[in-house]
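Geometric and topological summary
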Amino acid sequence: MRAQALVLFLISWLFFTTLHPGKPLTVDSKVTLDTVRAMARGGLAIPEEFVTRVGRDGKHYSLYGPLLPVVSLPGYFLGCLLDKDPPEPGEPRMGWGDRFALATNQWVSAGIVTLLFLTALEFGAGARAALLLAGLSAVSTMIFPYSRDYFTQPLAALMLLAAFHALLSFGRRERRRLLFASSTAMGCALLTRLDMAAALSGLLWIGVAVQRCPRDGAGQRGVKLAPLLGPMLACALALLLFDWVRWGGLFGAPYGTQRFDTPLIDSVPKLLFGADLSVFLYNPLLIASGIAMSFTWREKRHLWVGILLSALAYLYIVAKYNDYHGGLCPGPRYLLSLVPLSLAPLGEALAQRRPHRPYVFFGIVVLATPGILINGYSAVVDYTQAPAAWYFWVGKVAEILSNR
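The structure contained in this document is the topic of the report that follows.

Parameters and conventions
- Residues numbered from 1 in each chain as written.
- Predicted model: local features only at pLDDT ≥ 70, side-chain atom pairs only at ≥ 80, totals over all residues.
- Heavy atoms only, no water.
- Helix = DSSP H or I, 4+ residues; strand = E, 2+ residues; numbered from the N terminus.
- Expected span 1.5 Å × (residues − 1).
- Buried < 20%, exposed > 50% of the residue type's maximum accessible area, 1.4 Å probe, protein only.
- Arc of directions from axis to C-beta.
- Contact = heavy atoms within 4.5 Å.
- Axes fitted to C-alpha atoms, helices over the stretch in contact; angles between N-to-C directions.
- Parallel < 35°, antiparallel > 145°, perpendicular 65-115°, else oblique.
- Left-handed = near helix turned anticlockwise from the far one by under 90°.
- Nonpolar A, V, L, I, M, F, W, Y, C, P; charged D, E, K, R; others polar.
- Salt bridge = Lys/Arg side-chain N within 4 Å of Asp/Glu carboxyl O.
- Phe/Tyr/Trp six-rings, centres within 6.5 Å; stacked < 30°, edge-to-face > 60°.

Notes on helix α1 (residues 2-17)
With 16 residues, α1 extends 22 Å from end C-alpha to end C-alpha; this agrees with the ideal 22 Å at 1.5 Å per step. Taken together, the buried positions of α1 are Ala5, Leu8, Ser12 and Phe16. Each buried residue of α1 sits inside an arc of 60° when the element is viewed along its axis, so together they form one side. Away from its buried face by more than 90 degrees, α1 exposes Ala3, Leu6, Ile11 and Leu14. Lining the buried residues of α1 we find α5 (104-123), α6 (127-140) and α7 (143-146).

Structure representation (structure tokens):
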């Protein structure tokens, strides 16, 4: 299966790379790219932008966590080998190092797709079922359009899914290093986005649950918290020190200046059912995942409770945020971080109900089709200028009907 996973990763990476825009599409992307340029030169300060803030030395710094720029640095340095004069932070021109850095989310998104495949296999699904889940997730969810841009959500999503996969593997193998791996992934999610702290509660629940309920059914066992918490807390400390360098205080994180006072009655319905913000419209497989969760609740409720806890806690934070709509970006961008993790129950369901049964295969494909249309459109247009996908497709249908 390792060979299949590698091939899937390479194919996904090549597929997503065809969408490379060649430039930052949004101010968020530009600020992250400028941070990579600054890091490569031994600094962090960048020119003032909408998503920067003045630090302790009077210079401007990105509001975002350090992990995405850090993991982009190897590609940036590789690309700079082709640049005689790499652009400085703030310069509009693009060098090869910049293009390589902007390509980070393409391999990150390929990693999400591959990890969904491996998660389904870990549940016991066959290779065909796992490929079905991974392939449809790649083209019918927000993984697709956000693979081309340079936001932090794809990397956060990869880290959360990696943490879950390690805990799932621990439930089968009970190897201590898997707890360390999961905790490290949780910490990396924090280093990517501070708001991931809300989502970690559910993963910690799962970490405790898989230790208390061993695979051999020999009764409850003791819980080891040190390997589950140690690496994550070390990453949290690193984030505090990073904030101290930028802002001059351990608790100078940018969310301290943001407002979280949006009425839930305004935001939650839009995030669930809005034409341009519905998490189900942009990720219809979540509906199938919810059905799968109900079918497998008795056997896997210790896992599903953790996923629901993470999703609901994070939904609450996003829904209270004054900028919950995410600007001009397609769909509920902030919720992308939890989408791959929330698709995990499909792996267990596919392990029990094989997709070679026509009604299972047909139902999943039909459900995914609207997501393919919505996200496919968002992936090929300049979504900062084009109308939202829902309005585009409704207009097309209305045009066809009016010409009949």
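Remarks on the packing of α1 against α6
Contact geometry of α1 with α6 gives a least axis separation of 12 Å together with a crossing angle of 15°. Here α1 lies roughly parallel to α6, going by the angle between them. In terms of crossing hand, the pair formed by α1 and α6 is right-handed. Mapping the contact onto sequence places Gln4, Leu8, Phe15 and Phe16 in α1 and Ala127, Leu131, Ala134, Ala138 and Val139 in α6. Looking at the contact of α1 with α6, its residues break down into eight nonpolar, one polar and no charged.

What about the side chain of Ser267?
Among the structural elements, Ser267 can be located in helix α12 (residues 264-273). Among residues more than four places away in sequence, those in contact with Ser267 are Thr262, Ala319 and Tyr324.

Describing the environment of Ala234
With respect to the secondary-structure elements, Ala234 resides in helix α11 (residues 226-247). Residue class for Ala234 comes out partly exposed when judged on its relative accessible area of 46%. Note: C-alpha distance between Ala234 and His165 (69 residues apart in sequence) is 21 Å.

Here we look at the pattern of salt bridges
Overall, the coordinates contain 13 salt bridges when judged by the stated rule. As a salt-bridge pair, Arg173 and Glu122 come within 2.5 Å of each other at their nearest N and O atoms. Of this pair, Arg173 sits in helix α8 (residues 153-173) while Glu122 sits in helix α5, and the two are 51 residues apart along the sequence. Taking relative accessible area as the criterion, Arg173 reaches 39% and is therefore assigned partly exposed. A salt bridge links Asp261 to Arg259, with the nearest nitrogen and oxygen atoms 3.1 Å apart. Taking relative accessible area as the criterion, Asp261 reaches 44% and is therefore assigned partly exposed. Connected through salt bridges with shared partners, the residues Lys30, Asp34, Arg37, Glu49 and Asp98 form a single ionic network.

Description of the packing of aromatic side chains
Applying the stated criterion to the full structure yields 14 aromatic pairs. With centroids separated by 6.4 Å and ring planes inclined at 85°, the aromatic side chains of Trp96 and Phe100 adopt a geometry described as edge-to-face. Of this pair, Trp96 and Phe100 both sit in helix α4 (residues 96-102), four residues apart, which is roughly one turn of the helix. Given the relative accessible area of 42%, Trp96 is considered partly exposed. Taking relative accessible area as the criterion, Phe100 reaches 31% and is therefore assigned partly exposed. Grouping aromatic residues by their ring pairs yields a cluster made of Phe15, Phe16 and Phe144.

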